[in-house]
Amino acid sequence: MSLFDRAIVRVLPAVPKQAVQLFSSRYIAGSTLAAAVEVVRDLNAGGKLATVDVLGEEITREEETRAIAQSYRDVFAAIDKAALDSNVSVKLTALGLGLSYDLCRENLLDVVRTAAGYGNFVRIDMEDATTTDATLRLYRELREDGHENLGVVLQARLRRTLEDVRSLADLRPSVRLCKGIYLEPAAIAFTDYEAVRANFLRCLDELLDAECYVGVATHDEWLIGESLARISRRGLGTADYELQMLLGVREERRDELVAEGHRLRVYVPFGEQWYAYSLRRLQENPAMAGTIARATAGRVLRPLRP
Ligand SMILES: Cc1cc2nc3c(=O)[nH]c(=O)nc-3n(C[C@H](O)[C@H](O)[C@H](O)COP(=O)(O)OP(=O)(O)OC[C@H]3O[C@@H](n4cnc5c(N)ncnc54)[C@H](O)[C@@H]3O)c2cc1C
């Protein structure tokens, strides 16, 4: 990453929203459910599975959390109607975790029960480290209450994650394993690139040893190779794991992996609240951040100037 790009990543939140929207459109299916359905239909036609995310996080009013739960009911109905191969991903802060644990639990139960009615599945995304305890507690409570159609996400960046893998093992959880997008302090997180990779593989080994279904969520070529080698050494079949990628990232590689016979799921976010998600994607893509800066200094910003 060049010094210039590094600087841009830091100032990205100050970039006008219209510029962010322009450059992040590849990461978002659109603002409507109909747009998300079309994207999932195309992915399915290309042999890929999907997980649909209704954008919305850090919500501050109870009505908004109920509206998000309603949106998920609409998503399940649309998936069913169009006979799509897709589950959903939910953020607990969108369902009210920041307001009250009980409200969030109620909304999550609503989504999980709706999913069960359609024979579908809900994955709880993992957010920043302030939410990890509550997320894992809620996951355990619902699983212990018999809700089997529920999975969780673990972040290799966090030092606690191997311990979390061990303490969840009795539930044989369905886990999406990712590096973790939220940059946490060194006291609780690995900050070195190679240390995060090493922890990813340690967690993957333990999850596979515990016979968990794992969604290996990374675009890191080295990690994809190491993960597939571990899966192959254990003699797992293609129904025993899946690879996962984000919409708009490494599309050619996605196609190759599907052609090689792997199940591959694409994360498909949609909705009006695209901004926070877009910023995180652009911050992960410094070359793109540099492009934004150049464009912002010229064409994109020009109409905004007096
Ligand atoms: C399906 C899925 C679900 C996820 N869910 C969560 C979650 O619930 N909680 C959470 O904290 N994190 C989540 N993440 C994000 C994840 O934690 C990482 O931040 C993200 O995947 C980047 O890490 P990486 O493993 O791809 O490796 P990196 O080293 O970051 O990336 C490897 C390569 O992938 C390419 N790449 C990666 N990101 C981009 C991008 N935005 N634009 C263009 N190219 C890119 C680049 O070529 C890069 O060199 C999810 C990721 C995926 C794929």
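All figures in this text were calculated on a predicted structure; none of them were measured in a lab.

Visitor: Quick question: what am I supposed to make of the site of the ligand here?
Guide: Close to the ligand lie 25 residues; Tyr27, Gly180, Tyr193, Thr218 and Glu284 are nearest. For the ligand, a nitrogen atom lies 3.1 Å from a polar atom in the side chain of Arg176. In this structure, an oxygen atom belonging to the ligand sits 3.0 Å away from a main-chain N or O atom of Ile181. Burial of the ligand by the protein amounts to 83% of the accessible area it has alone, namely 930 Å². Looking at the shell around the ligand, the elements that each hand over two or more residues are strand E4 (150-155), strand E5 (175-178) and strand E7 (241-246). The dominant element in the shell around the ligand, judged by the number of residues it contributes, is E7, at 3 residues. The residue inventory of the shell around the ligand, partitioned by class, reads 12 nonpolar, 6 polar and 7 charged.

Visitor: Mind showing me how you'd approach the packing of helix H2 (residues 17-24) against helix H11 (residues 275-283) here?
Guide: Each packed pair of helices is defined by two parameters, the angle between the axes and the distance between the axes. Contact pair H2 / H11: the axes reach a minimum separation of 10 Å and the direction vectors enclose 65 degrees. Overall, the two elements H2 and H11 adopt an arrangement that is roughly perpendicular. Seen from above, H2 lies across H11 with left-handed handedness. Note on element contacts: H11 touches H2 through Tyr275, Ser278, Leu279 and Leu282, opposite Lys17, Val20, Phe23 and Ser24. A class-by-class count of the residues in the contact of H2 with H11 yields 5 nonpolar, 2 polar and 1 charged.

Visitor: Sorry, what's going on with the sheet that holds strand E8 (residues 264-270) here?
Guide: Two orientations exist for strands paired in a sheet by backbone hydrogen bonds: parallel and antiparallel. Spatially, E1-E2-E3-E4-E5-E6-E7-E8 is the arrangement adopted by the 8 strands of the closed barrel, whose pairing is parallel. Averaged over all neighbouring strand pairs, the angle between strand axes comes to 30 degrees, with direction disregarded. With 4 bridges joining them, E7 and E8 adopt parallel strand pairing. Bridge pairing in E8 places Met245 opposite Val266. Across the face of the sheet, helix H10 (residues 251-259) comes into contact with E7 and E8 while running at roughly 165 degrees to E7.

Visitor: Would you explain unusual backbone geometry in this entry?
Guide: Backbone geometry follows two general trends: most residues other than glycine have a negative phi, and most peptide bonds adopt the trans configuration. Notably, Glu211 is not glycine yet its phi reads approximately 60 degrees, a positive angle. Given the relative accessible area of 56%, Glu211 is considered exposed. The backbone of Arg250 sits at a positive phi, close to 50 degrees, despite the residue not being glycine. Position of Arg250 among the secondary structure elements: in the loop between E7 and H10.

Visitor: Help me out: how do you make sense of the pairing of strand E1 (residues 49-54) in this one?
Guide: On a regular strand, one side chain projects to one face of the sheet and the next to the other, so that they alternate. In terms of residue burial, E1 counts as a mostly covered element, since 6 of its 6 residues are buried. As judged from the 4 bridges shared by E1 and strand E2 (residues 86-90), these two strands associate in the parallel manner. Bridging from a neighbouring strand, Asp53 pairs with Ser89 of E2.

Visitor: When you look at the packing of aromatic side chains in this model, what are you seeing that I'm missing?
Guide: Both the distance between ring centres and the angle between the ring planes are used here to describe each pair of aromatic rings. Within the structure shown, the criterion is met by 3 aromatic pairs. For the ring pair Phe76 and Tyr118, a centre distance of 6.3 Å and an interplane angle of 20 degrees mean the geometry is stacked. One end of the pair, Phe76, is in helix H4 (residues 62-81); the other, Tyr118, is in the loop between helix H5 (101-117) and strand E3 (122-124), with 42 residues separating them in the sequence. With relative accessibility at 1%, the residue Phe76 sits in the buried group. Accessibility expressed as a relative area gives 35% for Tyr118, which makes it partly exposed. Its guanidinium or amino end placed over the ring of Phe190, Arg159 lies 4.8 Å from that ring's centre, counting from NZ or CZ. Sitting over the ring of Tyr277, Arg281 keeps its end group 4.7 Å from the ring centre.

Visitor: Looking at this structure, how should I read the side chain of Asn107?
Guide: With respect to the element layout, Asn107 can be found in helix H5. Looking at Asn107, the relative accessible area reads 2%, which means it is buried. Among the polar contacts made by the side chain of Asn107, one reaches the main-chain carbonyl oxygen of Leu95 at a distance of 3.0 Å.

Conventions adopted
Residue positions are given per chain, counted from 1 along the sequence in the order it is written. Local features in a predicted model are, by the rule used here, given only for residues with pLDDT of at least 70; side-chain atom pairs are given and counted only at 80 or more, and totals for whole chains, interfaces and linings are based on all residues. Excluding hydrogens and water, the side-chain figures rest on all heavy atoms present in the structure. In this text, near means that some heavy atom of the residue lies within 4 Å of the molecule or strand in question. Polar contacts here mean pairs of N or O atoms no more than 3.5 Å apart (in protein, one a potential hydrogen donor and the other a potential acceptor; neighbouring residues in sequence count only if both atoms are side-chain atoms). Residue burial considers only the protein chains on display, and all accessible areas are found by Shrake-Rupley using a 1.4 Å probe. Only runs of H or I of at least four residues qualify as helices and only runs of E of at least two qualify as strands under DSSP, and these elements are numbered from the N terminus. Under this grouping Gly is polar, as are all residues other than the nonpolar Ala, Val, Leu, Ile, Met, Phe, Trp, Tyr, Cys and Pro and the charged Asp, Glu, Lys and Arg. Fitted lines through C-alpha atoms serve as axes, helices being fitted only where they are in contact, and the angles separating the N-to-C directions of these axes extend from 0 to 180 degrees. Note that the term roughly parallel is reserved for angles under 35 degrees, roughly antiparallel for angles over 145, roughly perpendicular for angles of 65 to 115, and oblique for everything else. By the definition used in this description, the sense in which the near helix is turned from the far one sets the handedness, with an anticlockwise turn below a right angle giving left-handed and a clockwise turn giving right-handed. The criterion used for residue contact is that any of the two residues' heavy atoms lie within 4.5 Å. Here, any two strands with at least 2 DSSP bridges between them count as paired. Residue exposure (1.4 Å probe, protein chains only): buried if accessible area is under 20% of the type maximum, exposed if over 50%, otherwise partly exposed. Paired rings are identified among Phe, Tyr and Trp, the last through its six-membered ring, by centres lying within 6.5 Å, and are further divided according to the angle between planes into stacked (under 30 degrees), edge-to-face (over 60) and tilted (the rest). Think of it as a cone above the ring: NZ of Lys or CZ of Arg counts as a charge over the ring if it is within 6 Å of the ring centre and within 35 degrees of the ring normal.

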